[in-house]
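So the chains spell out like this:
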Amino acid sequence: MELLLLLVPAVLLVLMLSLMVFYQVSGIGQQNSAGAREQMNARLIDNFVRSLAVAENTIYSKNAALNDMAARLTLSNEQLVQLNSMKSKFLSMVVHDVRTPLASIRGFSELFAVQPSATERQKNMSKQMNIAVDRLNRLVSDLTDLAMIEAGKLKISPAVFNFYMIIEELLPQMETLAHNQGVELKYDQVNRNALVNGDKFRLSQVLQNLLGNAIKFTPKEGLVELKTRAEGRWLYAYVKDSGAGIHPSETRKIFEKFYQAKHQKNEQLRKMGWGLGLAIAQEIVVQHKGVIAAESKGLGHGSTFWFKIPVESILRDEEFFEKPEKPKNH
Ligand code: ADP
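Residues numbered from 1 in each chain as written. Predicted model: local features only at pLDDT ≥ 70, side-chain atom pairs only at ≥ 80, totals over all residues. Heavy atoms only, no water.

(A) The site of the ligand, seen in detail. Around the ligand there are 21 residues in total, and Asn213, Asp241, Gln260, Gln264 and Leu278 lie nearest to it. One nitrogen or oxygen atom from the side chain of lysine 216 is found 3.1 Å from an oxygen atom belonging to the ligand. The fraction of the free accessible surface of the ligand (530 Å²) that becomes covered by protein chains is 96%. No other element matches helix 5 (residues 200–216), which puts four residues into the shell around the ligand. Of the residues that constitute the shell around the ligand, the class distribution is 10 nonpolar, nine polar and two charged. (Near = heavy atom within 4 Å. Polar contact = N/O pair within 3.5 Å; in protein donor to acceptor, adjacent residues only side chain to side chain. Areas by Shrake-Rupley, 256 points an atom, 1.4 Å probe, with all protein chains shown as cover. Helix = DSSP H or I, 4+ residues; strand = E, 2+ residues; numbered from the N terminus. Nonpolar A, V, L, I, M, F, W, Y, C, P; charged D, E, K, R; others polar.)

Given below as C-alpha cells:
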C-alpha cells in the first residue's frame, strides 16, 4: 500500500514534466507571447496539483477502508475458531451423554423380550426398539469419529496383520445381514495371505461400511461380491453390487460429510443413514496412505466401491496355514 502511495504521485509528476517538455520542444506555444506561455504552464501545474490531491485523498480513504475490513476479518476468524471448538466440545458431550442411556434401553429391551410372560406383539416391539437403538448407536459412533476427524485426533494404531483376518471375522455378520435382506453375498478368496501394516479395527470399519451399504442399496435377489487381491505393493478390496447405482456426477460427492446421493429417489433408504460412513472410511484409508473410490455405470446399474492400501508382504500358502506356536509355560 505504501508503495502505491509513493508510486501514484511519482507517475503524475513524471506525466506533468513530460507534458511541459513536450510544449517547450514542439513549439506549440511559440507563436504566443512568453506571458501567455507562462500562464498556460501555471494552469497546467495547477491542474496537476489538484488531480494529485484528489488521487491522494482517494488512496487514503481506500486504505482506511481496507484496514477496517482487515480488522473485521481478523475478528470473525477468531470467532469462527472459537465457535468450531465450542461445536466439537458440544458434540463430544452429547455423544457421551447419549451413549449411556442407550446402553440401558438396549439392555432392558432385551430383558423384556425374554420374559416368559412376553406376548409375540411385545417381543416384536422389543425387536423394533433394538433396531432403533442400534441405529442411534451407529450415529453416535459416527459422530464421535467425525468429531475426532475434525479435531485431527482420528489416529490409526498400526500393527502387521493378515488382511484376510478382517474378512474372516466380518463375513458371518455380513452374511446374516445379506440373508435377512434376501441378497446373495459372494466372497472371492483370491488373496488370503497379504500382510498389511495397519489398524485392524479401523480397516474392518471401512469394509463393514462398504459391505453394509452394498447390501442396503441392493434389492431382494440382488448380488453383492467382495473380492481382494494383492498386486505389486498394494492390497485391493472391491465391493461390487447389483443395486441402486450412482449418478456419475455423485460418485465423488458421496465421500463428503453428510452427503447422500440426490439422484437416488428411495427416501426410505436415505432415512436409514446419515451420509457419514463414506467420509469416515475415506479418512481411514487416506491415513493408511491408500485410495478409496466409487464407480457406477449409472442409476439402476449397480456400483463398485474399492480401496487400496500398501501391502507389507505376501505370504506363501504354507506360511499362512502354519499353526501358531503354543505359548511356553515358564
Ligand atoms: P449413509 O449410507 O449412511 O447415508 P454413507 O456415507 O455410507 O452414508 O453413504 C453416502 C451415500 O452414498 C448414501 O446415502 C448413498 O446415497 C450413496 N451410496 C453409498 N453406497 C452405495 C451403494 N453401494 N450403492 C448406491 N449408493 C450408495
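Still more ground to cover, so stick around.
(B) Region of interest: the pairing of strand 7 (residues 303–310). Counting buried residues in strand 7 gives seven out of eight residues, a clear majority hidden from the surface. Relative to strand 7, strand 5 (residues 234–241) runs antiparallel, the two sharing eight bridges. Following the sheet pairing, tyrosine 238 is matched in strand 7 by tryptophan 306. Of the strand pairs in this sheet, strand 6 (residues 291–296) and strand 7 are connected by six bridges, and their pairing is antiparallel. For isoleucine 292, the partnering residue across the bridge sits in strand 7 and is phenylalanine 307. The antiparallel hairpin formed by strand 6 and strand 7 contains six residues in its connecting segment, where glycine 298 sits at a positive phi of about 120°. (Buried < 20%, exposed > 50% of the residue type's maximum accessible area, 1.4 Å probe, protein only. Pairing = 2+ DSSP bridges.)

(C) Structural context of the nonpolar core. In terms of nonpolar packing, the biggest core is built from 54 residues, with Phe163, Leu207, Leu211, Ile254 and Phe307 touching the most fellow members. Broken down by element, the residue count for this core peaks at eight residues, all from helix 4 (residues 163–181). Among residues more than four places away in sequence, those in contact with isoleucine 254 are Ile246, Tyr259, Ala261, Leu278, Ala294 and Phe305. Counting residues in hydrophobic clusters, the runner-up holds five residues, among them Trp234, Tyr236, Ala293 and Trp306. (Core = buried A, V, L, I, M, F, W, Y, C linked by side-chain atoms within 4.5 Å. Contact = heavy atoms within 4.5 Å.)

(D) Fine view of unusual backbone geometry. Positive phi, normally seen in glycine, also occurs at phenylalanine 258, with a value near 65°. Inspection of the secondary structure puts phenylalanine 258 in the loop between strand 5 and helix 6 (267–271). Its identity is not glycine, yet lysine 289 carries a phi of approximately 60°, on the positive side. When you line up the elements, lysine 289 lands in the loop between helix 7 (277–287) and strand 6.

(E) Representation of the pattern of salt bridges within the structure. Within this structure, the stated rule accounts for nine salt bridges. In this structure, arginine 106 and glutamate 110 form a salt bridge, with 2.3 Å as the shortest nitrogen-oxygen distance. In this pair, arginine 106 and glutamate 110 are both assigned in helix 2 (residues 34–113), four residues apart and thus about one turn of the helix distant. For aspartate 145, the salt bridge identified is with arginine 202, shortest N-O distance 3.2 Å. Remark: arginine 202 occurs in helix 5 and aspartate 145 occurs in helix 3 (residues 120–150); sequence separation between them is 57 residues. When its relative accessible area of 9% is taken as the criterion, arginine 202 is described as buried. (Salt bridge = Lys/Arg side-chain N within 4 Å of Asp/Glu carboxyl O.)

From the geometry alone we can't say anything about function, so treat these as descriptive.
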